[in-house]
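Report on the structure
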Amino acid sequence: MTAIRYDIIPGNYYSAEKGAMLYPNGFPDGVLNAEGDAKLKEHCDKNLVKYGWECETTGKFLWNGITYYASAKTLQQVEKKFDIKTIFTDKDLRKKEEEEAEKLRKLMATEEWLENKVLEDSATRFVQGIKRNEFVQTMRDINPTIANARMTRVTQKYLNEGYWEADERGHIKPGPKFPKEKLPKKEKVQEEKNLFGRKKKRR
């Protein structure tokens, strides 16, 4: 997909030649994905340079192995000349990332998410033969960002309502209410005879 990303968010950079700068190479820049447009790719390849700072000259590109790096002025020219419709900026990306992060925070705050997370975490720990207190602590260690009160509420629910139970040695194992589909699938072991008639196991 042909697209342009403008990196318009300034930062703190320094150059021995130019001193303090707002942009890595001293000028607003961005990258161009020319995939799907042979003429655009040919145009960029004809105007390649070896170093990023050389892209300050309008019309020059640097191939970084994935996209073409260029100044914002160059990209604006290309955008109009080749009628590129997919345009976004670092600010757009950061906003989207922040929105996704906020959605995840809200999801993680629900009991449904936490209960499912702890169930999945516990599914791979039964084989370790851990007793109750250590098992509960293991669940907390796996989820260090979750408040102890929330973890206590969930682990107590699973212990009291039959999702987890202790065997005759006190080791926690799946209880009758534990969803079987969450347990790791056991590999099938097949036996086959070798040339000498001895059986060997094959997974």
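Values in this document were obtained by computation on a predicted structure and should not be read as measured data. (Residues numbered from 1 in each chain as written. Predicted model: local features only at pLDDT ≥ 70, side-chain atom pairs only at ≥ 80, totals over all residues. Heavy atoms only, no water.)

Observations concerning the environment of Lys18
Tracing the sequence through the fold places Lys18 in the loop between β2 (13-15) and β3 (19-21). Lys18 gets classed as partly exposed once you look at its relative accessible area, which sits at 40%. When the C-alpha positions of Lys18 and Val118 are compared, they lie 54 Å apart, and in sequence the two are 100 residues distant. Those residues within four positions of Lys18 in sequence are excluded, and the remaining contacts are Asn25, Gly26 and Glu56. (Helix = DSSP H or I, 4+ residues; strand = E, 2+ residues; numbered from the N terminus. Buried < 20%, exposed > 50% of the residue type's maximum accessible area, 1.4 Å probe, protein only. Contact = heavy atoms within 4.5 Å.)

Remarks on the pairing of strand β4 (residues 29-33)
The side chains of a regular strand alternate, residue by residue, between the two faces of the sheet. Where burial is concerned, most of β4 is hidden: 4 out of the 5 residues are buried. Where β4 lies against strand β6 (residues 68-71), 4 bridges are found, and the strand directions are antiparallel. Within β6, the residue paired with Gly30 across the bridge is Ala70. (Pairing = 2+ DSSP bridges.)

Let's talk about a negative patch on the surface
On the surface, a cluster of negative charge is contributed by Glu97, Glu98, Glu99 and Glu100. In this fold, Glu97 is placed in helix α3 (residues 90-108). (Patch = residues over 30% accessible without salt bridge, like charges linked within 9 Å, V, L, I, M, F, W, Y side chains within 5 Å. Areas by Shrake-Rupley, 256 points an atom, 1.4 Å probe, with all protein chains shown as cover. Salt bridge = Lys/Arg side-chain N within 4 Å of Asp/Glu carboxyl O. Lys, Arg positive; Asp, Glu negative; His and termini not counted. Charge placed at Lys NZ, Arg CZ, Asp CG, Glu CD.)

Points about the packing of aromatic side chains
All chains considered together, the criterion is met by 9 aromatic pairs. Measuring from ring centre to ring centre gives 4.7 Å for Trp63 and Tyr68, while their planes differ by 50°; the resulting arrangement is tilted. Judged by its relative accessible area of 2%, Tyr68 falls in the buried class. An aromatic cluster is built from Phe126, Phe135, Tyr158, Tyr163, Trp164 and Phe178, whose rings are joined through pairwise contacts. (Phe/Tyr/Trp six-rings, centres within 6.5 Å; stacked < 30°, edge-to-face > 60°.)

Some points on the layout of surface pockets
Over the atoms, a rolled probe matching the size of one water molecule traces out where space is still vacant. Space inside the largest pocket adds up to approximately 190 Å³. Ala123, Phe126, Val127, Pro174, Leu183, Pro184 and Lys186 are the residues that line the largest pocket. (1 Å grid on protein atoms, 1.4 Å probe; cavity = no way out; pocket = protein on both sides within 12 Å on 5 of 7 lines; lining within 4 Å. Points joined across faces, edges and corners; volume = space filled by probe spheres on them.)

Describing the packing of helix α4 (residues 111-123) against helix α6 (residues 148-160)
Two elements in contact, α4 and α6, have axes separated by 10 Å at closest approach and are oriented at 60°. One finds that α4 runs oblique with respect to α6. The way α4 lies across α6 gives a crossing that is right-handed. Touching Glu111, Leu114, Glu115, Asn116, Val118 and Leu119 of α4 are Arg150, Met151, Arg153, Val154, Lys157 and Tyr158, all from α6. Of the residues in the contact of α4 with α6, the class split is 6 nonpolar, 1 polar and 5 charged. (Axes fitted to C-alpha atoms, helices over the stretch in contact; angles between N-to-C directions. Parallel < 35°, antiparallel > 145°, perpendicular 65-115°, else oblique. Left-handed = near helix turned anticlockwise from the far one by under 90°. Nonpolar A, V, L, I, M, F, W, Y, C, P; charged D, E, K, R; others polar.)

A look at the pattern of salt bridges
Enumeration according to the criterion identifies 12 salt bridges in this entry. Salt-bridge contacts for Arg150 lead to Glu111; the nearest nitrogen and oxygen are separated by 3.4 Å. Taken together, the residues Arg150 in helix α6 and Glu111 in helix α4 connect sequence positions 39 residues apart. In this structure Glu111 comes out as partly exposed when scored by relative accessible area, which is 28%. Arg153 is the partner of Glu111 in a salt bridge, and the nearest nitrogen-oxygen pair spans 3.3 Å. One end of the pair, Glu111, is in helix α4; the other, Arg153, is in helix α6, with 42 residues separating them in the sequence. On the accessibility criterion, Arg153 (46% relative accessible area) is partly exposed. Residues joined by salt bridges that share partners form a network here, namely Arg5, Asp7 and Asp90.

What about α4?
Over its 13 residues, α4 runs 18 Å from end to end, which matches the ideal 18 Å to within 8%, given 1.5 Å per residue. Among all positions of α4, only Leu114, Val118, Leu119, Asp121, Ser122 and Ala123 are buried. In this fold, the buried residues of α4 make contact with α5 (132-142), α6 and β8 (164-166). (Expected span 1.5 Å × (residues − 1).)

Let's talk about the sheet that holds β6
Taken together, 5 strands build an open sheet; the order of strands is β5-β6-β4-β1-β7 and the sheet is mixed. Every other strand in the sheet has two partners, leaving β5 (62-63) and β7 (87-89) as the edge strands with one partner each. Where β5 and β6 come together, 2 bridges link them in antiparallel fashion. Within the sheet, the bridge partner assigned to Leu62 lies in β6 and is Tyr69. On top of the sheet, α3 reaches β1 (3-7) and β7; it is set at about 70° to β7, its chief contact.

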